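What follows is each chain in one-letter form.
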Amino acid sequence: GNASLEGAFGRFVDLHQRMWTSRGFPGMFRRERFRRFHRAVAQRYAQNGWLRLCFLRSNGNDLAALYGFQYGGRFHYYQSGFHPDWKSLGVGKVLVYHTILDAIRNRLTEYDFLRGTDEYKFEFAGQVRRTRELLLARESRVLSMYLLRRNLRSRGTVMLKQILPAELFTRLRRLRDQATLR
């Protein structure tokens, strides 16, 4: 029911936030508005049978959680989290492995990690799908400024990627994503 979904979603958010704060990042679900939006999505998806909120537990304790969706013969991995005390045992990867096995058992045609190039995804995925953007707009000064800003940002990103160590660049990108996308 609603109460059990609310409780499970709260447990997922707790693990997600613990994982990110242990890494020195704020976590995607830090803002109440974002959590409220995803609780509503989770509720609607649960009603339609699409929600997948999975946990890895031991002795009644949540070690890892995964929040995803199953639709049209595909599993869509959205977010995850794990208790930092269990990181050394790879509990997050163990849970991903079990959700992949479940997808195979259910004869799903695809397990999609969605956006991002985090290293752990390449331990499971054999290919990368590029995201394309199509912008349709009338020519205007505002559009020109927007495109110029985007172009400069893109060039800056390429330059930073060339001069910064990969680990630092990845950390900066995550910080940017945490601050601007959520």
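The preceding data block contains the structure.
Source: prediction; values computed, not measured.

Scoring rules and cut-offs
Residues numbered from 1 in each chain as written. Predicted model: local features only at pLDDT ≥ 70, side-chain atom pairs only at ≥ 80, totals over all residues. Heavy atoms only, no water. Helix = DSSP H or I, 4+ residues; strand = E, 2+ residues; numbered from the N terminus. Buried < 20%, exposed > 50% of the residue type's maximum accessible area, 1.4 Å probe, protein only. Contact = heavy atoms within 4.5 Å. Phe/Tyr/Trp six-rings, centres within 6.5 Å; stacked < 30°, edge-to-face > 60°. Patch = residues over 30% accessible without salt bridge, like charges linked within 9 Å, V, L, I, M, F, W, Y side chains within 5 Å. Areas by Shrake-Rupley, 256 points an atom, 1.4 Å probe, with all protein chains shown as cover. Salt bridge = Lys/Arg side-chain N within 4 Å of Asp/Glu carboxyl O. Lys, Arg positive; Asp, Glu negative; His and termini not counted. Charge placed at Lys NZ, Arg CZ, Asp CG, Glu CD.

## Side note on the environment of F29
Along the chain, the position of F29 falls in the loop between helix 1 (2–22) and helix 2 (32–48). By relative accessible area, F29 is classed as buried at 0%. Discounting residues that sit within four places of it in the chain, F29 has contacts with F9, F12, V13, H16, Q17, F34, R35, H38, Y67, Y78 and Q79.

## Considering the packing of aromatic side chains
Summed over the entire model, instances satisfying the criterion amount to 14 aromatic pairs. Look at F12 and Y67: their rings are 5.2 Å apart centre to centre, the planes differ by 50°, and that puts the pair in the tilted class. Here F12 is found in helix 1, whereas its partner Y67 is found in strand 2 (residues 61–71), with 55 residues between them in sequence. Under the relative-accessibility criterion, F12 is labelled buried at 0%. Between Y67 and F69, the aromatic rings sit 5.2 Å apart at their centres with planes inclined by 65°, giving edge-to-face as the arrangement. With respect to class, Y67 is no different from F69; both count as buried.

## So, a positive patch on the surface
A cluster of basic residues, R130, R132, K161 and R173, forms a positive patch on the protein surface. Residue placement: K161 occurs in helix 5 (residues 141–163). By relative accessible area, K161 is classed as exposed at 53%.

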